[in-house]
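Each chain, letter by letter, is given below.
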Amino acid sequence: MSIIKNKIKAINDKGDKVLSVFLTSGFPNKINFTELALNIFNAGADILEIGIPFSDPIADGSVIQKSSQLALKKGINISLTFDYVQEIRKFSTKPIILMGYANPILAYGIERFAKDSFKSGVNGLIIPDIPVNEQKVFYKNHFNNLDIISLVAPTTPVNRIKMIDGESSGFVYCVSINGITGINSDKEINENYLETIKNTITKNKTLVGFGISSPNDAKKVLPFCDGIIVGSAIIKSLFKEKSPYQKTLNLVRELKNSLFNIN
Amino acid sequence: MNVLNNYNLPDVKGHFGKYGGKFVPETLITPLMELEEYYNKLKTDISFLEELEKLNTEYSGRPTPLTFASNLTKHYNGGKIYLKREDLCHTGAHKINNAIGQILVAKGMGKDRIIAETGAGQHGVAVATVCAKFSLRCSIFMGEEDIKRQMPNVLRMKMLGAEIIEVTSGTKTLKDAANEAIRDWVSNIENTHYIIGSVVGPHPYPMMVRDFQSIIGKETKEQINKLEGKNPDKIIACVGGGSNAIGIFYPFIEDDVELIGVEAAGKGLEFKENCATLTLGKDGIFHGMRSYLLQNEFGQVEEVYSISAGLDYPGVGPEHSYLKDEKIVSYFSVTDEEALKAAKMLSKAEGIIPALESAHAIAYLKYIMPKTKNDEIIIVNLSGRGDKDMETYKNLFV
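The structure contained in this document is the topic of the report that follows.

So, how was this worked out
Within each chain, residue numbers correspond to sequence positions counted from 1 in written order. Here the convention is simple: chains get letters from A, ligands get numbers from 1, in the order in which they are written. In keeping with the model being predicted, local features are shown solely for residues with a pLDDT of at least 70 and side-chain atom pairs are shown and tallied solely at 80 or more, while totals for entire chains, interfaces and linings include all residues. Calculation of side-chain values draws on the structure's entire complement of heavy atoms; hydrogens and water are dropped beforehand. Strands are treated as partners if at least two bridges between them are detected by DSSP. Under the scheme used here, helices are H or I runs from DSSP no shorter than 4 residues and strands are E runs no shorter than 2 residues, and both carry numbers assigned from the N terminus. Inter-axis angles, ranging from 0 to 180 degrees, are taken between N-to-C directions of lines fitted to C-alpha atoms, where helices are fitted over the stretch in contact. Every residue pair with non-hydrogen atoms within 4.5 Å of one another is taken to be in contact. When two parts are brought into contact, each loses some accessible area as probed by a 1.4 Å sphere; the total of that loss over both is the buried area. The working definition used for a salt bridge is a side-chain nitrogen of Lys or Arg within 4 Å of a carboxyl oxygen of Asp or Glu. Any pair of nitrogen or oxygen atoms within 3.5 Å is treated as a polar contact; in protein, a donor-acceptor pairing is required on top of that, and neighbouring residues in sequence qualify only through side-chain atoms on both sides. Roughly parallel means an angle under 35 degrees; roughly antiparallel means over 145; roughly perpendicular covers 65 to 115; every other angle is labelled oblique. Rotating anticlockwise by less than a right angle from the far helix to the near helix defines a left-handed crossing, while the corresponding clockwise rotation defines a right-handed one. Polar here means any residue outside two lists: the nonpolar Ala, Val, Leu, Ile, Met, Phe, Trp, Tyr, Cys and Pro, and the charged Asp, Glu, Lys and Arg; Gly therefore counts as polar.

Residues and elements named next belong to chain B. One open sheet holds the four strands; their spatial order is S7-S6-S5-S8, and the pairing between them is parallel. Each edge of the sheet is formed by a strand with only one pairing partner; in this case those strands are strand S7 (163-167) and strand S8 (192-194). This sheet shows a mean twist of 25° between the axes of neighbouring strands, independent of strand direction. Direction of pairing for strand S5 (residues 113-118) relative to S8: parallel, over a ladder of three bridges. Along S8, the bridge assignment pairs Ile-115 with Tyr-194.

Written as structure tokens, this is what we have:
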């Protein structure tokens, strides 16, 4: 069984929910990124998602866009990201997921990417612009050692959610609203949609992301899922401070504290 | 609409060979499927086709003429040169053909808000025009840099009642205007239709835009057969995203006609400042499609350049990528300087001021005409007129 799924299950079995934290690779500081990642783990993150920067991230709002641009300017690429994962792996066994857009991976070489992911200790992969319909052609058979985490959205009909649950491994990434990452919650998350996720996704664990920035946001979705994903709120906080990033680590602690004893 | 005998692309998944597809976030997948389903029903619906034809005739001014370029023909002393006059369409370019088609689709689907990206502003003006005509709210995404470069079109869009959303992310040009339009669409999917301006983006857009633009080739075929009793030997069109080119090529794809696409070589292929995607790009995934893409070794999308804002795009329609690989169409490129010279020459020789984009197609004549015989026929798609480019052209006569 998948390492990611096992981890989520173990946490859920204790009565807690899972916290997955997103960081842009090499951001905010190329030099101490490994240290930041480990501190994020120590502050309470159960899973780490590392974003491979791309010039044209169409699923991302302005915060993650800016962090990607800065990372690119500093020369962050896929090879360096694998180096980070390898370093983090020396000190932590918690699941690490790479998140990135298709084109840099295509340019790196699909087969090479799959091999190097596994070698460096990556557990799963999220590529938002490779929907399930395109996965077979894109991934071929190179990714047997990695979880391919697929997404569902409020526009996804029930039958398709079932199909995606069947295809996905690790967990299903449930996009909370129709929109991009980091949108302030002027849009209410539709409870019927959360209800549908809860009842329809049976094979996989479910993590809800997009627009979750505080324990208060988390509270609304927790009854319907197995955990949350926080990205833009973390990146936004990192933009505002320097190492040792105490406020950001506090945010991670607060978020994780809100996830204990939920079941 | 045109139906060909053997060429039947894209396939049901929206692929042209390995190109095309739907490479977008999950939120957009179901709306794209709904759009595809609705459009597939609509394209055989008699009342839709009648309304489209009526608008093309009475509003846009179709059919556009096929003009014999007698002086240009004399100048080269080879085959006969004809110009397909898309510059005479309402709003001044072929872009209106697609805008009219898609506004009917959007209206039929019950959408009350339209968004679009624009570079030079020609597509933006076409969309603002049909939104005014059909009383739909209209937001046009335009890069900060392009707003500065293309003020006359910005003013036209405002006069037509469109909201201009200035894009300050990334390169602040067409590529990022499209990124922002996609982000807006994801966020407002319930009530908004995105009118993509070229044969690019996720399926069904490359197919749908091609279908609406293929009226250019359909008319051309009828006109040249009436005038000359036969098909042309060669057709030349400029390629940015590639909608005017596909539009004129498509009805001739199965015929024995040499099809030539001309890209923008900018300051020259040896420099970074170009946007000759099919000439220099490689297989990539961008703006929802798999296609040739100008990118660096790490798969980051390159900043591109052309003097013509309408060709200034790092990607290209997936069908063009297929047509290139299958050697059905040949693609070449000409520089800024060659395009400027061609614009000046056409203006003086024929009394027609071409858009900078179309001037790239005209510029290619100097390479091909010396090899033609007198009984050959060459058609150039004059995709738009040059009024918008006078700021650039004025340097030619000072």
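Still more ground to cover, so stick around.
With 37 residues of chain B in contact, the opposing surface of chain A contributes 37 residues. A combined buried area of about 2900 Å² lies between chain B and chain A, and 53% of that area is made up of carbon and sulfur atoms. At the junction of chain B with chain A, the criterion picks out two salt bridges. At the junction of chain B with chain A, the criterion picks out 17 residue pairs in polar contact (both at pLDDT 80 or more). When contributions to the side of chain B that touches chain A are tallied by element, the ones reaching two or more residues are strand S2 (19-23), helix H1 (26-42), helix H8 (174-187), strand S11 (282-286) and strand S12 (288-293) of chain B. With eight residues, H8 of chain B is the largest single contributor of residues to the side of chain B that touches chain A.

Residues and elements named next belong to chain B. Read from one edge of the open sheet, six strands run S3-S4-S14-S9-S10-S13, paired in mixed fashion. Of all the strands in the sheet, the pair left with one neighbour each is strand S3 (66-68) and strand S13 (329-335). Averaged over all pairs of adjacent strands, the angle between strand axes in this sheet comes to 25°, irrespective of strand direction. As defined by bridge partners, S3 adjoins strand S4 (residues 80-85) across three bridges and the pair is classed as antiparallel. Among the inter-strand pairings, Leu-66 is bridged to a residue of S4, identified as Lys-84.

Glancing now at the packing of helix H2 (residues 46-59) of chain B against helix H4 (residues 95-108) of chain B. Residues and elements named next belong to chain B. H4 packs onto H2 with a crossing angle of 140° between their chain directions and a minimal axis gap of 10 Å. On the basis of their axis angle, the class for H2 and H4 is oblique. For the pair H2 and H4, the crossing hand works out as right-handed. Residues Phe-48, Glu-51, Leu-52, Leu-55, Asn-56 and Tyr-59 of H2 pack against Ile-100, Gly-101 and Leu-104 of H4. When grouped by side-chain class, the residues that make up the contact of H2 with H4 number six nonpolar, two polar and one charged.

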